[in-house]
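# Structure at a glance
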Amino acid sequence: MVPGESPLDRLTKAVLKLDDDMARLSDGAKARAGELIRRADSLALELENDIKILLKELTEELERTVKEKTEELRKRYALEKDERLRDVRVNAELHMEEAVKTILNEITKLLAEV
């Protein structure tokens, strides 16, 4: 305290010092906020890149799985188709033999009548 300084002078100095301190604190807070924002942006970018990589890996894995399952289904369908075709051929041959026998019997009956 300076001798002979009035209370108003002391109050003015105190207010000016408070104002300077507040300005310094405000500048520091703004700088810190800027740092935090830059860090948050950096973390968000890293997270975005990690998510893109993960999505790419998941997509590739799903595509492989779909391709494998599709191939399995094609093979199973081909086997079932072959089995059914064999069954149809066997049945056709059986019915063909029956049809030939029936025709021969009818021809034999007709020839017997003549």
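As shown above, the structure is provided for reference.
Now for a description of the structure that goes with this document.

### Quick notes on the overall build of the chain
Counting secondary structure elements, the chain contains one helix and zero strands. Relative to the compact-globule value of 13 Å for 114 residues, the chain shows a C-alpha radius of gyration of 48 Å, a clear excess of over 25%. When the backbone C-alpha atoms are referred to their principal axes, the chain occupies close to 160 × 20 × 15 Å. Going through the 114 residues of the chain one by one, you find that 2% of them count as buried.

### Observations concerning a negative patch on the surface
A grouping of Glu57, Glu60, Glu61 and Glu63 is seen on the molecular surface, where their side chains present a negatively charged patch. For Glu63, the location among the structural elements is in helix H1 (residues 7–113).

### Side note on the environment of Leu85
Take Leu85: it is sitting in helix H1. In this structure, the C-alpha to C-alpha distance between Leu85 and Glu35, residues 50 residues apart in sequence, is 74 Å.

### Structural notes on a nonpolar patch on the surface
A cluster of nonpolar side chains, contributed by Met96, Val100, Ile103, Leu104, Ile107 and Leu111, occupies part of the molecular surface with about 590 Å² of accessible area. By the secondary structure assignment, Val100 is in helix H1. For Val100, a relative accessible area of 39% translates into the label partly exposed.

### Structural notes on the pattern of salt bridges
Tallied over the full model, the rule gives eight salt bridges. Put simply, Glu72 and Lys69 hold a salt bridge, and the shortest N to O gap is 3.9 Å. With Glu72 and Lys69 both in helix H1 and three residues apart, the pair spans about one turn of that helix. Take Lys69: its relative accessible area is 46%, and that puts it in the partly exposed class. Salt bridges here are not isolated pairs; linked through shared partners, they connect Lys17, Asp21 and Arg24.

### Details of the side chain of Glu5
Looking at where Glu5 falls in the secondary structure, it is placed in the segment before H1. The class of Glu5 is buried, set by a relative accessible area of 14%. Separated by 2.6 Å, the side chains of Glu5 and Lys13 make a polar contact. With residues up to four places along the chain from it excluded, the contact list for Glu5 reads Arg10 and Lys13.

Rules and cut-offs
- Throughout this description, residue numbers start from 1 for each chain and increase along the sequence as written.
- In keeping with the model being predicted, local features are shown solely for residues with a pLDDT of at least 70 and side-chain atom pairs are shown and tallied solely at 80 or more, while totals for entire chains, interfaces and linings include all residues.
- Think of the side-chain values as coming from all heavy atoms in the structure, minus any hydrogens and water.
- Labels follow the DSSP assignment, with helices taken as runs of H or I lasting at least four residues and strands as runs of E lasting at least two, numbered in each case from the N terminus.
- Computation of the radius of gyration draws on C-alpha atoms alone. For the globule rule, the value is 2.2 Å times the number of residues to the power 0.38.
- A simple rule labels every residue: compare its accessible area, found with a 1.4 Å probe on the protein chains alone, to the largest value its type can have, and call it buried under 20%, exposed over 50%, or partly exposed in between.
- Nonpolar side chains (Val, Leu, Ile, Met, Phe, Trp, Tyr) are joined into patches within 5 Å and like charges within 9 Å, using only residues with over 30% relative accessible area and no salt bridge.
- Per-residue and other accessible areas were derived by the Shrake-Rupley procedure at a 1.4 Å probe size, with only the shown protein chains allowed to occlude residues.
- Salt bridges are identified by distance alone: a Lys or Arg side-chain nitrogen within 4 Å of an Asp or Glu carboxyl oxygen.
- In this count, Lys and Arg are taken as positive residues and Asp and Glu as negative ones, while His and the chain termini are left out.
- In plain terms, the charge of a residue is placed at NZ if it is Lys, CZ if Arg, CG if Asp and CD if Glu.
- For the purposes of these results, a polar contact is taken to be a pair of N or O atoms within 3.5 Å, where, inside protein, one atom must be able to donate a hydrogen and its partner to accept one; residues adjacent in sequence count only when each atom of the pair is a side-chain atom.
- Contact between two residues is taken to exist if any of their heavy atoms lie within 4.5 Å; hydrogens are not considered.

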